[in-house]
Amino acid sequence: MEETKTSSQGGESDMDCSDNECFDEYYYNLNDDSDIEQIDPRKIDPEYFEFKCLFEEEVDRLLNETVETLSNILQISPSLAKVLLHTHQWNINEVTRKFHENPSHTLVSSRIEPATTPNALLLTRYTTCPVCVTPQPLDKFYSLTCAHMFCKDCWIMHFEVQINQGISTGIACMARDCVVLAPEDFVLKHLHRPNMREKYQQFSFQDYVKSHPELRFCPGPNCSMVVHSREVKAKRAICDQCKTVFCFRCGCDYHAPTDCQVIKKWLTKCADDSETANYISAHTKDCPKCHICIEKNGGCNHMQCYNCKHDFCWMCLGDWKSHGSEYYECSRYRENPNIAHESVHAQAREALKKYLHYYERWENHSKSLKLEEQTLDKLRTRINQKVMSGLGTWIDWQYLFTAANLLAKCRYTLQYTYPYAYYMDAGSRKELFEYQQAQLEAEIENLSWKIERAETTDRGDLENQMDIAEKRRTTLLKDFLDV
Amino acid sequence: MANIAAQRIKREFKEVIKSEEVAKCAIKVELLNDSYTELKGEIAGPPDTPYEGGNFVLEIKVPETYPFNPPKVRFITKIWHPNISSVTGAICLDILKDQWAAAMTLRTVLLSLQALLSAAEPDDPQDAVVARQYKENLEMFQLTARHWTNVYAGGPHVNSDCDEKIKRLVDMGIEDHQARAALSSYNWDLERATEQLFS
């Protein structure tokens, strides 16, 4: 689909532009253009986020620059500098500080050197390798800084087995209880098979990116792009290549205004069977005698357990014998210890009701978004019909797509307000939130209604509605997006 | 099987046979086939533990990538221990997983397993039921482990109270081991074990 990137209005209302790219372009231009007054974009747009999409080669270059800098500062080999950076989340200042404070401790804790000085080994011209137990000439033996000697063939086998299990930067010495890591140059010196070298480099690249707080792999399927941002926040990142939208901090679907922990909790909750358990708890009771689980699906309150044939009252769970004909008044049995049981059920029922309230809305908006393709198809068909019957040209109707994109964006945010509200504590802040949420919802419905019924003459009205909906969205985010 | 694995196992087999632990009857290995891929191990229950006097048989499978990957080991003899499954005999021990080093041998594995019997790690359990009993009721755990050692590993301590309770369940038509497992899981509470078995 072709997207219209232009926006008719200037200034602040540029926000209704549906594509983040043109957002960025706009602000980048703003920064470049000295004619326009410098405004902090973070203040206008709560979702403003500066990031860059990098290809693998660019990431390599970025990492290598850091490695080179450290290797120059500390006068160590690039390979060791890489291990140090990897174990210190690529924080070059931290590594330098620690190294200058206590070089040997830093090397030990980064698993570059052994904690205890290795024993000098008594080596004869022929030595037996402890792994393959074959006697071999001394020049075939190699060791890491820990001086644990193994033959070249065993090192190669060790590396290949580890790499085939997906381990690269974490390959350690083969000796018992030795934690010294094999640095990159040591591994690559021995590893000759091209496909193994390639695998090793690929896995270590992944390890490096994952350990770097400012880098994130694009979560898009089969996408190898890496997003780089100096600001490690739960903001919206978009991949240049595959267009996947994700949260920079956790790599999941973008989830403003909800934060990373809460959305994770919510998604687990929705996927979890515990809600089934909650359902059982809310809709069933246990027989007071044999504790079998009973679901009442109609009939009177005089229950007979099908399992143990115990007669009891469904309301108070008391023995039916003591009930006589007064069971409609069994609320007076509240003194009964079973009532504690009952209140647990009541609590569970209440909790389920609350959860379902938020879940239904969340699910509803999620479904609407999934139907977006269909909505666009319908829009296309409608425009075709209009154009065929002479009501404007195809170009005249393009603004409807911009509106539909904005609608999707607003719905998306609205969807993610429900988990946020679910976990909010009751109080004035929640009231404010739910007020704003309701306002946003109302404007979204208005917009949706207007898009469905728009005529060529309604463009002004529709654009006005778009502006209102987007303003509601940004207002809510400004007040509650806390990243 | 890779040459290096067979070579190592041959060598280690000799190492174990000649070791002083074998002389003290503490550990033992036997070959089960000519290709050195399967072995039978045996360890003696360490003194001053509920396993004392018992003899525990292990299944050892040697992978093709041995010694670069650890051997696969599990208990054949049934045992009551927080880090060993009372059902399958699967073992939770770091050196059999990510802490394995190519320079380790069968002898070190057997000795580590013996050490595991002396010092359980209930916070890293393989069998959650056993681990809970170990943490909440150590005496009950020791009694149960001793009883299992007596029945399955030839340990000397007969517990007539346990035997009596098991017999009651067996009389009701429950299989011997099933009865023991249920009673062990419910701290030898006959009523609760019965309830669980018949529900």
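Anyway, here's the lowdown on the structure attached to this text.

Calculation criteria
- Residues numbered from 1 in each chain as written.
- Chains lettered and ligands numbered in written order.
- Predicted model: local features only at pLDDT ≥ 70, side-chain atom pairs only at ≥ 80, totals over all residues.
- Heavy atoms only, no water.
- Helix = DSSP H or I, 4+ residues; strand = E, 2+ residues; numbered from the N terminus.
- Buried < 20%, exposed > 50% of the residue type's maximum accessible area, 1.4 Å probe, protein only.
- Contact = heavy atoms within 4.5 Å.
- Areas by Shrake-Rupley, 256 points an atom, 1.4 Å probe, with all protein chains shown as cover.
- Pairing = 2+ DSSP bridges.
- Axes fitted to C-alpha atoms, helices over the stretch in contact; angles between N-to-C directions.
- Core = buried A, V, L, I, M, F, W, Y, C linked by side-chain atoms within 4.5 Å.
- Phe/Tyr/Trp six-rings, centres within 6.5 Å; stacked < 30°, edge-to-face > 60°.
- Lys NZ or Arg CZ within 6 Å of the ring centre and 35° of its normal.
- Polar contact = N/O pair within 3.5 Å; in protein donor to acceptor, adjacent residues only side chain to side chain.

Digging into the overall build of chain A
1) Next: Per the secondary structure count, chain A includes 16 helices and 13 strands.
2) Next: Looking at chain A as a whole, 43% of its 483 residues qualify as buried.
3) Next: Contacts in chain A between residues far apart in sequence, at least 24 positions, make up 54% of those at least 6 positions apart.
4) Next: Accessible surface, chain A as shown: approximately 26,300 Å² in total, 51% of it carbon and sulfur.

Considering the environment of A:Thr116
Residue and element names in this part refer to chain A.
1) Next: The residue Thr116 is located in the loop between helix H6 (103-109) and strand S2 (126-128) in this model.
2) Next: Assessed through its relative accessible area of 58%, Thr116 is described here as exposed.
3) Next: Along the backbone, Thr116 and Cys146 are 30 residues apart, and their C-alpha atoms lie at a distance of 8.4 Å.

Here's the deal with the sheet that holds strand S4 (residues 72-75) of chain B
Backbone hydrogen bonds hold the strands of a sheet together, and the pairing may be parallel or antiparallel.
All names here are of chain B.
1) Next: Spatially, S1-S2-S3-S4 is the arrangement adopted by the 4 strands of the open sheet, whose pairing is antiparallel. Of all the strands in the sheet, the pair left with one neighbour each is strand S1 (27-31) and S4. Direction aside, the axes of adjacent strands within the sheet are offset by 25° on average.
2) Next: Inspection of the sheet shows S1 paired to strand S2 (residues 38-44) by 5 bridges, in the antiparallel sense. Paired with Glu30 across the strands is Lys40, a residue of S2.
3) Next: Each of S1 and S2 touches helix H1 (residues 3-18); the most contacted strand, S1, lies at about 140° to it.

Some points on the nonpolar core
1) Next: Membership of the largest hydrophobic core comes to 39 residues, with the highest contact counts inside it found for B:Ile43, B:Phe75, B:Ile91 and B:Leu113.
2) Next: The set of elements that each furnish at least two residues to this core consists of H1, S1, S2, strand S3 (55-61), S4, helix H3 (106-118) and helix H5 (138-152) of chain B.
3) Next: Broken down by element, this core gets its largest block of residues, 6 residues, from H3(B).
4) Next: With residues near it in sequence (within four places) discarded, B:Ile43 still touches B:Ala26, B:Ile27, B:Gly54, B:Asn55, B:Phe56, B:Leu58, B:Phe75, B:Leu110, B:Leu113, B:Gln114 and B:Leu117.
5) Next: Membership of the second largest hydrophobic core comes to 35 residues, among which are A:Tyr355, A:Tyr358, A:Tyr399 and A:Ile451.

Regarding the pairing of S3(B)
1) Next: In terms of strand pairing, S2(B) meets S3(B) through 7 bridges, oriented antiparallel. Following the sheet pairing, B:Glu38 is matched in S3(B) by B:Lys61.

A look at the packing of aromatic side chains
1) Next: By the definition in use, this model includes 28 aromatic pairs over all chains.
2) Next: Relative to A:Phe217, the ring of A:Phe205 lies with its centre 6.1 Å away and its plane at 75°, an arrangement referred to as edge-to-face. Separated by 12 residues along the polypeptide, A:Phe205 in helix H9 (residues 194-211) and A:Phe217 in strand S6 (residues 215-217) bring together distant segments of the chain.
3) Next: The class for A:Phe205 is buried, based on a relative accessible area of 7%.
4) Next: Measuring from ring centre to ring centre gives 6.0 Å for B:Tyr66 and B:Trp100, while their planes differ by 40°; the resulting arrangement is tilted. Taken as a pair, B:Tyr66 in the loop between S3 and S4 and B:Trp100 in the loop between S4 and H3 lie far apart in primary sequence, 34 residues in all. B:Trp100 shares its class with B:Tyr66; the two are buried.
5) Next: In textbook terms, an aromatic cluster arises when at least three aromatic residues are bridged by ring pairs, as seen for A:Trp266, A:Tyr355, A:Tyr358, A:Tyr359, A:Trp362, A:Tyr412, A:Tyr416, A:Tyr422 and A:Tyr423.
6) Next: Here A:Lys269 stacks its cationic end above the ring of A:Tyr355, 4.9 Å away from the centre of that ring.

What about the side chain of B:Ser184?
All names here are of chain B.
1) Next: With respect to the helices and strands, Ser184 occurs in helix H7 (residues 176-185).
2) Next: There is a polar contact of 3.0 Å between the side chain of Ser184 and the side chain of Trp148.
3) Next: Apart from the residues lying within four places of it in its own chain, the contact partners of Ser184 are Trp80, Gln133, Thr144 and Trp148.

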